[in-house]
Amino acid sequence: MKTRAILLLTTLGLGLAPVAGAATPRENWEQHCAKCHGADGSGNTRLGTLLKIHDLTKAEVQASFTDAAARTAIEDGVKDSTGRFTMNPYGAKLAEEDRDALVAFVR
């Protein structure tokens, strides 16, 4: 009986392993953000230059927005004056805790 219980718990634990292996903030950054913002956040990419992305490595840029504003941008995206998305929304693609971790990573 004890062996059966250990086997059951081990099997359940392995089934939950993918949840524990969720993407890190760096992996989410690389997958969703670096294409435009650059690996270092400077915006020094072809798309970053085209979209005139702010250099997130600069203290004055970091001071110009709140964590709540960053989270809203991640969740809802960013639109230009014509209503066209210049940053796609990621609210449906990232779990709430991943969005929070991404904001902390940007900081």
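Quick notes on the rules
Residues numbered from 1 in each chain as written. Predicted model: local features only at pLDDT ≥ 70, side-chain atom pairs only at ≥ 80, totals over all residues. Heavy atoms only, no water. 1 Å grid on protein atoms, 1.4 Å probe; cavity = no way out; pocket = protein on both sides within 12 Å on 5 of 7 lines; lining within 4 Å. Points joined across faces, edges and corners; volume = space filled by probe spheres on them. Helix = DSSP H or I, 4+ residues; strand = E, 2+ residues; numbered from the N terminus. Nonpolar A, V, L, I, M, F, W, Y, C, P; charged D, E, K, R; others polar. Axes fitted to C-alpha atoms, helices over the stretch in contact; angles between N-to-C directions. Parallel < 35°, antiparallel > 145°, perpendicular 65-115°, else oblique. Contact = heavy atoms within 4.5 Å. pLDDT = per-residue confidence, 0-100. Phe/Tyr/Trp six-rings, centres within 6.5 Å; stacked < 30°, edge-to-face > 60°. Buried < 20%, exposed > 50% of the residue type's maximum accessible area, 1.4 Å probe, protein only. Expected span 1.5 Å × (residues − 1). Bend = angle between axes of the 7 residues up to and from the residue.

K.L.:
Got a minute to help me understand the layout of surface pockets in this structure?
P.N.:
Empty pockets left among the atoms are what a rolling probe the size of a water molecule brings to light. Estimates place the volume of the largest pocket at around 870 Å³. Only α2 (25-37), α3 (46-51), α5 (67-76), β1 (78-79), β2 (85-87) and α6 (96-106) provide two or more residues apiece to the lining of the largest pocket. Here the lining of the largest pocket gets seven residues from one element, more than from any other, and that element is α2. Across the lining of the largest pocket, the residue classes break down as 19 nonpolar, seven polar and four charged.

K.L.:
Whenever I open this one, the packing of α2 against α6 confuses me. Can you help?
P.N.:
Pairs of packed helices are described in terms of their axes, by the angle between the two and the distance that separates them. Where α2 contacts α6, the axes come no closer than 9 Å and their chain directions differ by 90 degrees. If you check the angle between α2 and α6, you find them roughly perpendicular. Facing α2, whose interface residues are Pro25, Arg26, Asn28, Trp29 and Cys33, α6 presents Asp98, Ala101, Leu102, Phe105 and Val106. When grouped by side-chain class, the residues that make up the contact of α2 with α6 number seven nonpolar, one polar and two charged.

K.L.:
What's the story with the confidence of the model for the protein in this structure? I'm lost.
P.N.:
Detail in the predicted coordinates should be disregarded across regions flagged by low pLDDT. Per-chain confidence: the protein averages 85 in pLDDT, with 80% of residues scoring 70 or above. When mean pLDDT is compared element by element in the protein, helix α4 (residues 59-63) scores highest at 97, while helix α1 (residues 2-20) scores lowest at 44. Confidence drops under pLDDT 50 across residues 5-20; counting only partners more than four residues distant or on other chains, this segment forms zero contacts.

K.L.:
Is there a simple way to think about the packing of aromatic side chains in this case?
P.N.:
Pairs of aromatic rings are described using the distance from one ring centre to the other and the angle between the two planes. Evaluated as defined, the whole model comprises one aromatic pair. Geometrically, the ring pair formed by Trp29 and Phe105 is tilted, given 6.0 Å between the ring centres and 50 degrees between the ring planes. Of this pair, Trp29 sits in helix α2 while Phe105 sits in helix α6; the two residues are 76 residues apart in sequence, bridging distant segments of the chain. Overall, Trp29 belongs to the buried group, its relative accessible area being 6%.

K.L.:
Could you clarify how one ought to interpret unusual backbone geometry in this entry?
P.N.:
Non-glycine residue Lys52 carries a positive phi angle of around 55 degrees. Residue placement: Lys52 occurs in the loop between α3 and α4.

K.L.:
Even after reading the chapter, I still don't get α5, so can you show me in this structure?
P.N.:
For α5, the full list of buried residues reads Ala70, Arg71, Ala73, Ile74 and Glu75. Those residues of α5 hidden inside the fold are in contact with β1, β2 and α6. Of the residues flanking the end of α5, it is Gly77, one or two places downstream, whose phi is positive at about 80 degrees.

K.L.:
Can you walk me through the side chain of Arg71 in this structure?
P.N.:
Tracing the chain through its elements places Arg71 in helix α5. With near-sequence residues (within four places) excluded, Arg71 lies in contact with Glu96, Arg99, Asp100 and Val103.

K.L.:
Whenever I open this one, α2 confuses me. Can you help?
P.N.:
Side chains three or four residues apart in an α-helix point the same way, a direct result of the helix having 3.6 residues per turn. Between its terminal C-alpha atoms α2 stretches only 14 Å, short of the 18 Å expected from 13 residues at 1.5 Å a residue. At Gln31, α2 shows its largest bend, some 50 degrees. Among the residues making up α2, those that are buried are Asn28, Trp29, His32, Cys33, Ala34 and His37. Buried residues belonging to α2 abut β2 and α6.

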